[in-house]
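# Breakdown of the fold
In case you want the letters, here they are:
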Amino acid sequence: MEPSAGLVCVYVAQGQMQAHVFKARLESAGVPVLLRYESLGLVYGFTLDGLGEVGLYVPAALADEARYLLEHPEPLAEGDWAGTSKIPESPAG
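Here's a quick rundown of the structure.

This next bit is on the overall build of the protein chain. Looking only at helices and strands, the protein chain features 3 helices and 3 strands. Put simply, the protein chain runs from its N terminus to its C terminus through helices and strands in the order β-α-β-α-β-α. In the protein chain, which comprises 93 residues, the proportion classed as buried is 25%. Excluding contacts between residues fewer than 6 apart, the proportion of contacts in the protein chain whose partners are at least 24 apart in sequence is 69%. Entry remark: accessible area of the protein chain is about 6,700 Å², with carbon and sulfur atoms responsible for 56%.

This is the structure in structure tokens:
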């Protein structure tokens, strides 16, 4: 997917880690994502002066949905343990 092929930048992340978290969020909702970044930032780990910026591109038809998903994260469902101090027990007994 080329960014010029009907794709729209819906977010600019600061670094690969943040970009991949948001990419996973969108893809889990069925929105395909292309990450675009400068290779120098990836190779050297720069996050300065735009070198660490990562653009998240989605099809133009899904841009509004993607922006909504990024602006309104889902609350944790009952039973989810992420973000709490309670860690689930191992299934091995």
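Structure shown, so let's carry the discussion forward.
This part covers the packing of aromatic side chains. Here the structure, examined in full by the defined rule, presents 1 aromatic pair. Seen in terms of ring centroids, Tyr 11 and Phe 22 are 5.0 Å apart; in terms of plane orientation they differ by 85 degrees. Their pairing is edge-to-face. You can see Tyr 11 sitting in strand β1 (residues 7-14) and its partner Phe 22 sitting in helix α1 (residues 16-28), a full 11 residues away along the chain. Relative accessible area serves as the criterion here: at 30%, Tyr 11 is assigned to the partly exposed category.

Rules and cut-offs
- Residues numbered from 1 in each chain as written.
- Predicted model: local features only at pLDDT ≥ 70, side-chain atom pairs only at ≥ 80, totals over all residues.
- Heavy atoms only, no water.
- Helix = DSSP H or I, 4+ residues; strand = E, 2+ residues; numbered from the N terminus.
- Buried < 20%, exposed > 50% of the residue type's maximum accessible area, 1.4 Å probe, protein only.
- Contact = heavy atoms within 4.5 Å.
- Areas by Shrake-Rupley, 256 points an atom, 1.4 Å probe, with all protein chains shown as cover.
- Phe/Tyr/Trp six-rings, centres within 6.5 Å; stacked < 30°, edge-to-face > 60°.

Distances and angles like these do not, on their own, reveal function.
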